[in-house]
Amino acid sequence: MARDLHVKETSSDLPLWTADFRLFFAARTTSLLGDAMLPVAITAAVIRAGYGASGVGYALAALVAPFAALIIFGGVLSDRFGARRLMVVSDTVRLCFQAVLALLFLLGTPQLWQILVLLALVGAGSAIFQPGVASITPRIAQDVQKANATLRISESVTVVIGPSLAGLLLVVSSPATVVALDALTYGVSGTCLLLLRSVPMGPDARDGASSFRSDLVEGWREFRARTWLWSVIVVFMLWQLAGAGPTMTLGNSTLVTDYGASTFGLVMSSLGAGSVLGGIVAIRLRPRYPLRAGALSMILWAFMPLGVALGLPAPLIAGCYGVSGVGMAFWIVMFHTSVQTHIPQDVLGRVHAYDAAGSLVMKPVGQAVAGPLAVVAGTVPLLCVSASMALVACALLLTIPAVRGLKRVER
């Protein structure tokens, strides 16, 4: 027993930056940099083409909806055929489709339906990529929370750099340039993943044969058996519908229309800077009850829609987005670490797929209906409702015993 405790205590002291973690970090960073640039280019292109806030909502929803709808199947495929293999396939698929989108932008202004179809195909490719992120991280890092926080900081840095870079490129070039650069980042990501050594390309050895359906059912059973997990997802479905979804559509559209694309990019960069700070806090702070602490940090997200609703000057809106970034980054690290340390490795891809799908399934609905609702009810009232949803989500999470009582474990 004493020997086991000693191993547990010293395992977290092993270095994080192994060769494989560096490759995985590089893959995620380059891919996320392109992802951070794409919404700015799409938002500006759709508005310039005359499709308005509703068109922006449809475009953003087209990117997210297939991801939310198909990620469950991506989780099963990841566990059956190997997480690394599926991630490389995803990068290849997304490289091809975004190259086509870049070509359409180069030849002129694409029709809205063309943008929606290609973004939907990119979203479908992402659905087979994301489960692998959750499965691979615990395999290449002894300290899972530190690895998640480090990856979150990387993601946040790309949010800082990506929108600003996209805004600058849009001033001197066309959306085709941004989309083409984004496509190249998938190529870099796939190459780095191919070079990983400690993670097999194929699946883990399994006892006996299983069907796709049985794997799907097993993942659902493991997900449903954990009250803390499905309770969080139910709360986040509500928050995405009435909070995050409308804020992304109306907030982004208002910033681009009233303040300009370059200001929009800088505000989003402030959000990324706040997320960096939230990731640093997550590295240092290790609460005994991670979901309880993460739920409290959710309150800070309310500043994002509230700043736009109040029509604050651009620097103050940027500050509101920065504060929101701190809260959301801390929550994401606490939640992902809880999932990766409480769920068995052999079903982690499928369980993560169920939680990711549930978390996002209502977001495209909120994005799509926000524009038409704003015509009827007004943008400011809807943004105020979105801000209040952060408080509602926090209160709901803290009232669930399984959520607030989930303890931290080392793995």
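Residues numbered from 1 in each chain as written. Predicted model: local features only at pLDDT ≥ 70, side-chain atom pairs only at ≥ 80, totals over all residues. Heavy atoms only, no water.

## Side note on the overall build of the protein chain
Here is step 1 of the chain: Within the protein chain, the secondary structure is distributed over 18 helices and zero strands.
Here is step 2 of the chain: Here the protein chain has a C-alpha radius of gyration of 21 Å; the compact-globule value for 411 residues is 22 Å, and the two agree.
Here is step 3 of the chain: Per-residue burial for the protein chain yields a buried fraction of 53% across its 411 residues.
Here is step 4 of the chain: Long-range contacts, defined here as pairs at least 24 residues apart, represent 89% of the contacts in the protein chain between residues at least 6 apart. (Helix = DSSP H or I, 4+ residues; strand = E, 2+ residues; numbered from the N terminus. Rg over C-alpha atoms; globule rule 2.2 N^0.38 Å. Buried < 20%, exposed > 50% of the residue type's maximum accessible area, 1.4 Å probe, protein only. Contact = heavy atoms within 4.5 Å.)

## So, the packing of aromatic side chains
For any two aromatic rings, the description comes down to two numbers: the centre-to-centre distance and the angle of the planes.
Here is step 1 of the chain: One pass over the full model with this rule turns up ten aromatic pairs.
Here is step 2 of the chain: One aromatic cluster in this structure is built from F236, W239, W301, W331 and F335.
Here is step 3 of the chain: Above the face of the F129 ring, R94 is positioned so that its terminal group lies 4.6 Å from the ring centre.
Here is step 4 of the chain: For R292, the ring lying beneath its charged end belongs to Y289, and the centroid distance is 4.1 Å. (Phe/Tyr/Trp six-rings, centres within 6.5 Å; stacked < 30°, edge-to-face > 60°. Lys NZ or Arg CZ within 6 Å of the ring centre and 35° of its normal.)

## Comments concerning a nonpolar patch on the surface
Here is step 1 of the chain: Where nonpolar side chains cluster on the molecular surface, the patch consists of L241, V365, V369 and L373 and spans about 280 Å² of accessible area.
Here is step 2 of the chain: Considering every element that reaches the nonpolar patch, the biggest residue donor is helix 16 (residues 363-377), with three residues.
Here is step 3 of the chain: In this structure, L241 sits in helix 10 (residues 227-259). (Patch = residues over 30% accessible without salt bridge, like charges linked within 9 Å, V, L, I, M, F, W, Y side chains within 5 Å. Areas by Shrake-Rupley, 256 points an atom, 1.4 Å probe, with all protein chains shown as cover. Salt bridge = Lys/Arg side-chain N within 4 Å of Asp/Glu carboxyl O.)

## A short note on the packing of helix 4 (residues 83-107) against helix 8 (residues 175-194)
Here is step 1 of the chain: One way to put it is that helix 4 packs onto helix 8 with a least axis distance of 8 Å and a crossing angle of 165 degrees. If you check the angle between helix 4 and helix 8, you find them roughly antiparallel. Considering how the two elements wind past one another, helix 4 and helix 8 form a crossing that is left-handed.
Here is step 2 of the chain: By residue class, the composition of the contact of helix 4 with helix 8 is 17 nonpolar, four polar and four charged. (Axes fitted to C-alpha atoms, helices over the stretch in contact; angles between N-to-C directions. Parallel < 35°, antiparallel > 145°, perpendicular 65-115°, else oblique. Left-handed = near helix turned anticlockwise from the far one by under 90°. Nonpolar A, V, L, I, M, F, W, Y, C, P; charged D, E, K, R; others polar.)

## Considering the pattern of salt bridges
Here is step 1 of the chain: Enumeration according to the criterion identifies six salt bridges in this entry.
Here is step 2 of the chain: With a closest N to O distance of 3.1 Å, E155 and R152 form a salt bridge. One end of the pair, E155, and the other, R152, are both in helix 7 (residues 144-172), three residues apart, so they sit about a helical turn from each other.
Here is step 3 of the chain: Given a relative accessible area of 12%, R152 falls into the buried group.
Here is step 4 of the chain: Salt-bridge contacts for R350 lead to D215; the nearest nitrogen and oxygen are separated by 3.6 Å. Of this pair, R350 sits in helix 15 (residues 345-360) while D215 is found in helix 9 (residues 212-224), placing the two residues 135 residues apart along the sequence. The residues R350 and D215 share a single accessibility class, namely buried.

## A short note on the environment of P372
Here is step 1 of the chain: Looking at where P372 falls in the secondary structure, it is placed in helix 16.
Here is step 2 of the chain: Residue classification places P372 among the partly exposed positions, given a relative accessible area of 37%.
Here is step 3 of the chain: Taking the C-alpha atoms as reference, P372 lies 18 Å from V308; in sequence the two are 64 residues apart.

## What to know about the nonpolar core
Here is step 1 of the chain: Core analysis: the biggest nonpolar cluster contains 56 residues, and W239, Y321, W331 and F335 have the highest contact counts within it.
Here is step 2 of the chain: When residues of this core are assigned to their parent elements, the largest contribution, eleven residues, is made by helix 10.
Here is step 3 of the chain: In this structure W331 touches V232, F236, L291, G294, A295, S297, M298 and L397, once residues within four positions along its chain are discounted.
Here is step 4 of the chain: Counting 19 residues, the second largest nonpolar core, distinct from the first, contains A27, I136, A147 and V199. (Core = buried A, V, L, I, M, F, W, Y, C linked by side-chain atoms within 4.5 Å.)

## Comments concerning helix 16
Here is step 1 of the chain: With 15 residues, helix 16 should cover 21 Å at 1.5 Å per step; its first-to-last C-alpha distance of 19 Å lies within 8% of that length.
Here is step 2 of the chain: At A370, helix 16 shows its maximal bend, which comes to roughly 40 degrees, and the proline P372 appears one to four places after that position.
Here is step 3 of the chain: Among the residues of helix 16, K363, P364, G366, Q367, A370, G371 and A374 are the ones counted as buried.
Here is step 4 of the chain: The first or second residue beyond helix 16 is G378, which carries a positive phi of 100 degrees. (Expected span 1.5 Å × (residues − 1). Bend = angle between axes of the 7 residues up to and from the residue.)

## Regarding the environment of Q240
Here is step 1 of the chain: Tracing the chain through its elements places Q240 in helix 10.
Here is step 2 of the chain: Spatially, the C-alpha atoms of Q240 and L229 are 16 Å apart, while their sequence positions differ by eleven residues.
Here is step 3 of the chain: Apart from residues lying up to four places away in sequence, Q240 is in contact with G245, P246, S359, L360, M362, K363 and G366.

## Details of the environment of V409
Here is step 1 of the chain: If you trace the backbone, V409 turns up in the segment after helix 18 (401-404).
Here is step 2 of the chain: Note on V409: relative accessible area 32%, which makes it partly exposed.
Here is step 3 of the chain: When sequence neighbours within four positions are dropped, the list of residues in contact with V409 reads T341 and H342.

## A short note on the confidence of the model for the protein chain
Detailed reading of the predicted coordinates is not advisable wherever pLDDT falls low.
Here is step 1 of the chain: Confidence in the prediction for the protein chain averages 83 pLDDT; 93% of positions are at 70 or higher.
Here is step 2 of the chain: Confidence drops under pLDDT 50 across residues 1-12; counting only partners more than four residues distant or on other chains, this segment forms three contacts. (pLDDT = per-residue confidence, 0-100.)

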